[in-house]
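Okay, here's what each chain looks like letter by letter:
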4 protein chains.
Amino acid sequence: MEYKNEKLKEEKVFKDPVHRYIHVRDKVIWDVIGAREFQRLRRIRQLGTTYLVFHGAEHSRFHHSLGVYEIVRRIIDDGFQGRPEWNDDERLLTLCAALLHDLGHGPFSHAFENVFDLDHEEFTQAILLGNTEVNEILSRVSEDFPQKVADVIGKTYPDKLVVSLISSQIDADRMDYLQRDAYFTGVSYGHFDMERILRVMRPKEEQAVVTYSGMHAVEDYIMSRYQMYWQVYFHPVSRSAEVILTKILHRAKYLNDTGYVFKHKPTHFSSFFDKTFLLEEYIALDEGVMTTYFQWWMTEEDTILADLSSRFINRKLFQYVDFNPATEYEKVLQLSELFREAGLDPEYYLVSDSSSDLPYDFYRPGEENERLPIFLEMPNGELSELSLQSNIVDAITGKRRTDHKLYFPEDVLLKGKDQNPLYRKILEMLNR
Amino acid sequence: MEYKNEKLKEEKVFKDPVHRYIHVRDKVIWDVIGAREFQRLRRIRQLGTTYLVFHGAEHSRFHHSLGVYEIVRRIIDDGFQGRPEWNDDERLLTLCAALLHDLGHGPFSHAFENVFDLDHEEFTQAILLGNTEVNEILSRVSEDFPQKVADVIGKTYPDKLVVSLISSQIDADRMDYLQRDAYFTGVSYGHFDMERILRVMRPKEEQAVVTYSGMHAVEDYIMSRYQMYWQVYFHPVSRSAEVILTKILHRAKYLNDTGYVFKHKPTHFSSFFDKTFLLEEYIALDEGVMTTYFQWWMTEEDTILADLSSRFINRKLFQYVDFNPATEYEKVLQLSELFREAGLDPEYYLVSDSSSDLPYDFYRPGEENERLPIFLEMPNGELSELSLQSNIVDAITGKRRTDHKLYFPEDVLLKGKDQNPLYRKILEMLNR
Amino acid sequence: MEYKNEKLKEEKVFKDPVHRYIHVRDKVIWDVIGAREFQRLRRIRQLGTTYLVFHGAEHSRFHHSLGVYEIVRRIIDDGFQGRPEWNDDERLLTLCAALLHDLGHGPFSHAFENVFDLDHEEFTQAILLGNTEVNEILSRVSEDFPQKVADVIGKTYPDKLVVSLISSQIDADRMDYLQRDAYFTGVSYGHFDMERILRVMRPKEEQAVVTYSGMHAVEDYIMSRYQMYWQVYFHPVSRSAEVILTKILHRAKYLNDTGYVFKHKPTHFSSFFDKTFLLEEYIALDEGVMTTYFQWWMTEEDTILADLSSRFINRKLFQYVDFNPATEYEKVLQLSELFREAGLDPEYYLVSDSSSDLPYDFYRPGEENERLPIFLEMPNGELSELSLQSNIVDAITGKRRTDHKLYFPEDVLLKGKDQNPLYRKILEMLNR
Amino acid sequence: MEYKNEKLKEEKVFKDPVHRYIHVRDKVIWDVIGAREFQRLRRIRQLGTTYLVFHGAEHSRFHHSLGVYEIVRRIIDDGFQGRPEWNDDERLLTLCAALLHDLGHGPFSHAFENVFDLDHEEFTQAILLGNTEVNEILSRVSEDFPQKVADVIGKTYPDKLVVSLISSQIDADRMDYLQRDAYFTGVSYGHFDMERILRVMRPKEEQAVVTYSGMHAVEDYIMSRYQMYWQVYFHPVSRSAEVILTKILHRAKYLNDTGYVFKHKPTHFSSFFDKTFLLEEYIALDEGVMTTYFQWWMTEEDTILADLSSRFINRKLFQYVDFNPATEYEKVLQLSELFREAGLDPEYYLVSDSSSDLPYDFYRPGEENERLPIFLEMPNGELSELSLQSNIVDAITGKRRTDHKLYFPEDVLLKGKDQNPLYRKILEMLNR
């Protein structure tokens, strides 16, 4: 039998708290899961620093990836199969793309990519097409199969329906992470009736749509996403940890660039500092490696690096206040000056951070990151964009909500305020 | 106000998926949670290698510790307070002991302690009494408070009732881990009616007992524990990972002892190899550090260390077969010889492992690890040992169940069996 | 000890699937629950005809009432007690009002009250103040206590804070029914973080408010309510059963008024037909009695009464189509005429029904059923109306959504359409 | 297309809180669900009087029946289909038998059948084969189809595998009711990993078996069943209600037999009193009808009937004490005499009741109600009876547990004890 059609003798399952079981029959899927680059996702947390606020959020990208695969498998096997709009030859490709869509994520992706100017999507492509176990397995399906998987994930694959299952405003990725992140954090948001959404999804030429009878389930899903963003993903305390993480990496890079001699040579980071890294070096990095360095750096002579590292490892995070960049720009400049005078480098100790979310949007051609809207299939067979039918969704469509915060080491200021009048002044300006 | 009575201005909560919320009012508790030695528990998984079978089991000892605290808090605040048998002066002590009972756990405790002949309970004591943030905080309650906490955890504290809440056959530790491990693995075992058990718990001089009306809830708890042991804790695949981990550490120690020069100097381990480590060095070790070394060791010249490390990191585990040490001792010797002839060092590649559980036991004075039995308070006020009342519990009382397995690298044998007749012979003997 | 302060020797609990346990310590509460007028609520379903669509919805008003009591008890005992804005002398009164707020509900309330022009709130008052077991028990607290309970439920009690816990836009009533109805129907809507809302509720002079930090939990609650209305409470199929029920009662009344001689004398209904009923007769009516009559009426000679009764009992409901009363008024008149010509009395066989919901509203003085808005306590201590802070809530505030449907016996039309051209014409006009 | 193969155009689903959704594709199944005899099951509670203790237990036999159907559907469609041991021609028959296995249950079955010496299984047969809507539908599949369904339910059908899915020690009936009753009562027992059991079920010639790897899930199921029996099904308070119910019916029959003239003629019961009832009369009885009569009987002149009826309707149940029939026989006789002297007819006011359960049993040929044991399919392919492999199950195999209680009106005795020395004596003898 051809490899692409090979089935396991007995179905294998993974016990999963979110979907109960994840079912695997295809030999290709089984092999990909066993590949070292996929196993590596066990060492990358799904939610970065969020576990420092919601302690349950220690789950890895490994099972999120399995979850996305499982949802796509159910969409195809229980819903699409047999319908004329669905081409079952795309099944294995779609499943592989679902499983591998996050393959290139690095440790604490957001901060890491930000500092080193990287993009995890490029790494996903690089791992799929490079000299890797995953590539070796996919190539056994057909020579061009790794490239096709890369195209689906990269959204350039011609069959838009396939792409839409992995990346759209109601894709398997989002449906899995909302539920999974809700489960592991324990928050009551993030629940919606996925069973129902799966039942009413229909394949169309350009994308998967949802029948009108499922509109309320979709509304509930959009609201879940909205709540998860503001209650979990943008939680100011995990952003505080993220700020510190970013500043640690900045400082280390700065020190390296300026010739500082590390007590413990930052081998794993060197090639990132000077942008000469190999794929293999990227793959070797995981969150355990990063925190191992942070532990070393706690004892570096550079007090900024040592302090920030210690803050991250021992969870002595920055405090925060709201601020409005439009009206308080001057005040931040003043504060910045005061920090400098007080001996606290504002580059590291007075950090502004913004979070911004667009809960749902319809099509805005030409914009960056344009997102296909969600379409409902009306009783008469026509398609109608979701926000035209739902006044709840309409209320938040295209409305970007942004939140600005200033982060700073309140503990230092409070401790020293009796000795240091500048500290007192800073605290006053921050209304603390 | 005295520190020991100080309350937070507003109650603080942690969102917890198992107990919904964990409530903190006491300043001491809040401070202890913030201590670096307690935060370190975030970097130690609750279930060691189990996440390699049940992918959700990535949760850390940090929240299990919070959970045990919360259960004890509820037992005291909602149940015991106001009853004449309960001395509320012990409240803070009991809460601290609950929170800190696992403080000394190291990374992958079981394997680590086994190879380096350590005992995490000693480290718990050492951290409580040593030069640590935790000690500094506890000492502010009273000079002898750290020692008292250590005594409760060490089971030498005179008030046996206090001890029993942390360590008995139905203590807060077990009640939390059964539910928590069930939640994160997603298995359906591990559920029992804790609400009911808490409602029927009564303080007695020597220990907490349960009123007769709660017997069935206790039976259910005992069964949950039994099932969790065999379905989750002793799962043969996580034991396979444990076997490999143990052998990695053995090999590294052996290489160090025999003068092998590591490519990457095993700084973190050196003092453990020669038993000269300081408390600080123990605290610095976590699972991220361990896996960082394993990644380095994947490229060591010693093929055994490199192979085992790679197996752990990339989850290429050993296969296993059941064996009976009583009747198959000869066979294992033969196999061992065959492995050696085939160039596979049986010390590392043919490993026997046993798991054994005593689901419940009544008092057997003089035995090591003697466990207080569970007592029911009968309608007439007398106490009766659980297995006298419950025929289900009686059926498993004192019955040790043991499971023996042989672990070996089946992948190597299968791959080489066409070239190597010894491999074939080994596979035959193993019935593979 | 005074009756009002009397406590049970041991706390009693009811096992409740929604709140786990319902806790009772007060002797008064325990006695009220045992009163026959309260036990009667076991014979009245919480959701009327909804069980004919969501089969799990067979739950009675009995446990909803216990649930509202439990929520109020937790608000007071775990949240308000000890705060200066809360007067703990109101505790027992508030608990009694919570427990008894639905006491006057009759069988299939909506249809029943509609046809006989009754109001269950008047009956609640009547039972509280009449010659009943409940009155006897409440009077033992103090002579004016039954009246005070009636005042709280009737919203005329001077302490508005007490009233707001039972009836406001975020009261214990709504919080219980949303969760309970979601649990028993099995839908995934209806979940929100009540624990959090309870934690952030604060007593104020006029009403309970919610601190700003709990805004998202309140948003989620409002959305849950919105979804439950449209997905469950206004489900067109349960409205179909409601339509039939209403028409059965109409017909029976009409027949009685016009001198029809029933095979089985409608004893229980007689006094309602002529509006001479006694309180005792109202209390004697329950859903079992009603369906017992419907079974008798299935064999009455009046074909309309017989047919409608059989439809209800055997769940042969009416089909429905959407219609717009503004634009399709003429069409309905025509249809009505056609029904008459075809021998189907449109009074009973072509029924329009509307559902309408105002998911949330701010204060509109002078309007009927004016509802206090939900206030947030801002970080600066000021109160702010919810829709000013939440753009999601703002989007649906004051927006009444209405749905109009026409109900008719499609089965009859389809069966007879080959013989009867009028049936065909009707079906065409209805686009069936 | 033949009726038996006819599929609905779109799959229909029922929202079910236990199985999420119940899926129907077969036209026959859809039609049977709509039949009036099946709809009648909505008016019969699944757990009789249990709702008087666990208030959530108001659920009807209607959805339990749907649940059993759904489990069997999943066993067949997801597990058995395609395996050589399974004959897919039996699919529709098995589904119909699953759906209809409880069709003949009457109101408060246990008491009703007991007093009138009836057997609901005979009524199931009678409805299947009589002049009913269900029969009409099944006959359209084939003339002998109703008889075949009756044979499967009656366990006389030749294909024992089919029978075992509906009635064995691990059948769909038990798997549904344990979970459903646990859900609606809210108890934490009753949960087991059904997903896993379904995955490891295998068709064999004589019955469905479970592979060895699923043994622990089966153990858990057996324990769930054991706990549900003693915690829920045999709860002494619901047995108290059952005792009263039985005595009401006894008394009404006795009064009828002795020529008593009822104020309200017991039309619905007359034919049962003299054993002349027709099937149609049996079908017309439901729990609403029964409680309607009980309400009437509350005002009968016969004080026993009036008192017992009032006790049931208003939940003023009997109190109970344990007793040992072997050693306390004399004492009961004495008590009985005392009751008589005190003017309380012991026939109605001193009632002994026993509950007895055999949690699991292996085959005991020749015994009444012999039950097929559960077989495990061992790794070597052989079958092994469960209790041989599981020491937990072994511990309870064949061990009948029995509980005896005496029920009596404690309220009357307490109220009158100051006036009546006999009451005092009775209370003393009962240790109250």
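Conventions we followed
- In every chain, residue numbers begin from 1 and rise along the written sequence.
- The order in which chains are written sets their letters, starting at A; the order in which ligands are written sets their numbers, starting at 1.
- Confidence filtering applies because this is a predicted model: local features only for residues at pLDDT of at least 70, side-chain atom pairs given and counted only at 80 or more, and all residues used for totals across whole chains, interfaces and linings.
- Note that water and hydrogens are dropped before the side-chain values are worked out from all heavy atoms of the structure.
- One bridge is not enough; two strands pair if DSSP finds at least two bridges between them.
- Each helix corresponds to a stretch of at least 4 residues labelled H or I by DSSP, and each strand to a stretch of at least 2 residues labelled E; elements are numbered beginning at the N terminus.
- For every element, the axis is a line fit to its C-alpha atoms; helices are fit only across the contacting stretch, and the angle between N-to-C directions ranges from 0 to 180 degrees.
- A 1.4 Å probe rolled over the protein chains alone gives each residue an accessible area, and that area as a share of the maximum for its type sets the label: buried under 20%, exposed over 50%, partly exposed in between.
- Only heavy atoms enter the contact rule, under which two residues are in contact if any of them lie within 4.5 Å.
- In superposing the copies, a least-squares fit is computed on C-alpha atoms, taking residues whose pLDDT is at least 70 in both.
- Buried area is calculated as the accessible area (1.4 Å probe) missing from two parts once they are joined, with the contributions of both summed.
- What counts as a salt bridge is simple: a side-chain nitrogen of Lys or Arg found within 4 Å of a carboxyl oxygen of Asp or Glu.
- Here a polar contact is recorded for every N or O atom pair within 3.5 Å, except that within protein the pair must consist of a potential hydrogen donor and a potential acceptor, and residues adjacent in sequence are included only if both atoms are side-chain atoms.
- When residues are grouped by polarity, Ala, Val, Leu, Ile, Met, Phe, Trp, Tyr, Cys and Pro land in nonpolar, Asp, Glu, Lys and Arg in charged, and all others, Gly among them, in polar.
- Note that the arc is computed from the directions linking the helix axis to the C-beta atoms.
- Where each domain starts and ends follows an automatic or database-derived domain assignment.
- UniProt positions are given in the numbering used here, feature names are shortened, and annotations may be inferred rather than shown by experiment.
- For our purposes a nonpolar core is just a set of buried Ala, Val, Leu, Ile, Met, Phe, Trp, Tyr and Cys residues, chained together by side-chain atoms within 4.5 Å.
- Charged residues are defined here as Lys and Arg on the positive side and Asp and Glu on the negative side; His and the ends of the chain fall outside this count.

- Chain A is annotated in an unreviewed UniProt entry as HD domain-containing protein from Sporosarcina siberiensis.

**Remarks on the sheet that holds strand β7 (residues 375-377) of chain D**
Residues and elements named next belong to chain D.
And step 1. Spatially, β3-β4-β7-β8 is the arrangement adopted by the four strands of the open sheet, whose pairing is mixed. Edge positions in the open sheet fall to β3 (201-203) and β8 (383-385), since each of these has one partner strand only. Across the sheet, the axes of successive neighbouring strands diverge by a mean angle of 45°, strand direction being ignored.
And step 2. In this sheet, β8 lies alongside β7 in antiparallel orientation, the contact comprising three bridges. Counted as the bridge partner of Leu376 is Ser384 from β8.

**Some points on the environment of Lys247 of chain D**
Residues and elements named next belong to chain D.
And step 1. Checked against the element boundaries, Lys247 lands in helix α13 (residues 236-257).
And step 2. On the accessibility criterion, Lys247 (11% relative accessible area) is buried.
And step 3. Between the C-alpha atoms of Lys247 and Leu308, which are 61 residues apart in sequence, the distance is 7.5 Å.
And step 4. Once you skip the residues sitting within four places of it in the chain, Lys247 turns out to touch Leu308, Glu347, Tyr348 and Val351.

**Points about the relation of the copies chain C and chain D**
And step 1. Mapping chain C onto chain D calls for a screw motion: a turn of 180° about the axis and a shift of 0.0 Å along it, with 0.0 Å RMSD after fitting. The symmetry that links the two subunits is that of a two-fold axis. The position closest to the rotation axis in chain C is occupied by the C-alpha of Gly288 of chain C, lying 1.8 Å away.
And step 2. Comparing interface residues between copies, 100% of those in chain C also lie at the interface in chain D; the contact surface is shared.

**Focus on the interface of chain D and chain B**
And step 1. Of the residues lining the interface, 18 residues belong to chain D; the matching set on chain B comes to 18 residues.
And step 2. Of the roughly 1,700 Å² buried between chain D and chain B on both sides combined, carbon and sulfur atoms contribute 52%.
And step 3. Contact with chain B buries surface across chain D, with Tyr189, His216 and Ile392 of chain D losing the most and accounting together for 29% of the total.
And step 4. At the junction of chain D and chain B, the tally comes to zero salt bridges.
And step 5. Applying the counting rule to chain D against chain B returns ten residue pairs in polar contact (both at pLDDT 80 or more).
And step 6. The element that contributes the greatest number of residues to the side of chain D that touches chain B is helix α12 (residues 215-233) of chain D, accounting for nine residues.
And step 7. Classifying every residue of the side of chain D that touches chain B gives nine nonpolar, five polar and four charged.

**Digging into helix α6 (residues 120-129) of chain B**
Residue and element names in this part refer to chain B.
And step 1. Those residues of α6 lying buried are His120, Phe123, Thr124, Ile127 and Leu128. When α6 is viewed along its axis, its buried side chains cluster within an angular range of 135° and face the same direction.
And step 2. If you follow the buried residues of α6, they end up packed against α2 (36-39), α4 (91-100), α5 (109-116), α7 (133-141), α8 (145-153) and α15 (279-284).
And step 3. Capping of α6 at its N-terminal end is provided by Asp119; its side-chain oxygen lies 2.9 Å from the backbone amide nitrogen of Glu121.

**What about the domain arrangement of chain A?**
One frequently used descriptor of interface size is the decrease in accessible area upon assembly of the parts.
All names here are of chain A.
And step 1. What the domain assignment lists for chain A is domain 1 (3-233) and domain 2 (236-355 + 404-430).
And step 2. The C-alpha centroid of domain 2 is placed 33 Å from the C-alpha centroid of domain 1.
And step 3. With 32 residues of domain 1 at the contact, the number on the domain 2 side is 26 residues.
And step 4. For the domain 1 and domain 2 pair, buried surface summed over both sides reaches about 2,700 Å², with 68% attributable to carbon and sulfur atoms.

**Structural notes on the UniProt feature "domain: HD" (unreviewed entry) in chain A**
And step 1. In the numbering used here, UniProt assigns the feature "domain: HD" (unreviewed entry) to residues 61-178 of chain A.
And step 2. Split by type, residues 61-178 of chain A is 68% helix and 0% strand. Its first and last C-alpha atoms lie 13 Å apart.

**Observations concerning the nonpolar core**
And step 1. Membership of the largest hydrophobic core comes to 590 residues, with the highest contact counts inside it found for Leu100 of chain A, Leu100 of chain B, Leu100 of chain C together with Leu100 of chain D.
And step 2. Contacts of Leu100 of chain A, omitting those with residues within four sequence positions, involve Val32, Phe38, Thr124, Leu128, Val134, Leu138, Val149 and Ile153 of chain A.

**Quick word on the side chain of Arg196 of chain B**
And step 1. Within the secondary structure, Arg196 of chain B sits in helix α11 (residues 194-200).
And step 2. The buried charged residue Arg196 of chain B lacks any salt bridge, with Asp193 of chain B as its nearest oppositely charged partner at 5.5 Å.
And step 3. With sequence-adjacent residues up to four places away left out, Arg196 of chain B is seen in contact with Ser213, Gly214 and Ala217 of chain B together with Tyr21 of chain C.

**Considering the side chain of Asp176 of chain C**
And step 1. One can find Asp176 of chain C in helix α10 (residues 172-185).
And step 2. The contact partners of Asp176 of chain C, leaving out residues within four places of it in the chain, are His19, His64, Gly67, Val68 and Ile71 of chain C.

**Here we look at the pattern of salt bridges**
And step 1. Counted by the stated rule, this structure contains 129 salt bridges over all chains.
And step 2. Put simply, Arg311 of chain B and Asp411 of chain B hold a salt bridge, and the shortest N to O gap is 3.1 Å. In this pair, Arg311 of chain B is assigned in helix α17 (residues 303-313) and Asp411 of chain B in helix α22 (residues 410-416), connecting sequence segments 100 residues apart.
And step 3. A relative accessible area of 37% places Asp411 of chain B in the partly exposed class.
And step 4. The residue Lys405 of chain D makes a salt bridge to Asp403 of chain D at a minimum N-O spacing of 3.2 Å.
And step 5. One network of salt bridges, in which partners are shared, links Lys7, Asp26, Glu70, Arg73, Asp77 and Arg91 of chain A.

**Notes on the sheet that holds strand β9 (residues 401-408) of chain B**
Residue and element names in this part refer to chain B.
And step 1. Read across the open sheet, the three strands follow the order β5-β9-β6; overall the sheet is antiparallel. One side of each edge strand has no neighbouring strand; the edge strands of this open sheet are β5 (319-322) and β6 (351-357). On average, each strand axis in the sheet is tilted by 30° relative to the strand beside it, whichever way the strands run.
And step 2. Bridge count between β6 and β9: seven bridges; the pairing is antiparallel.

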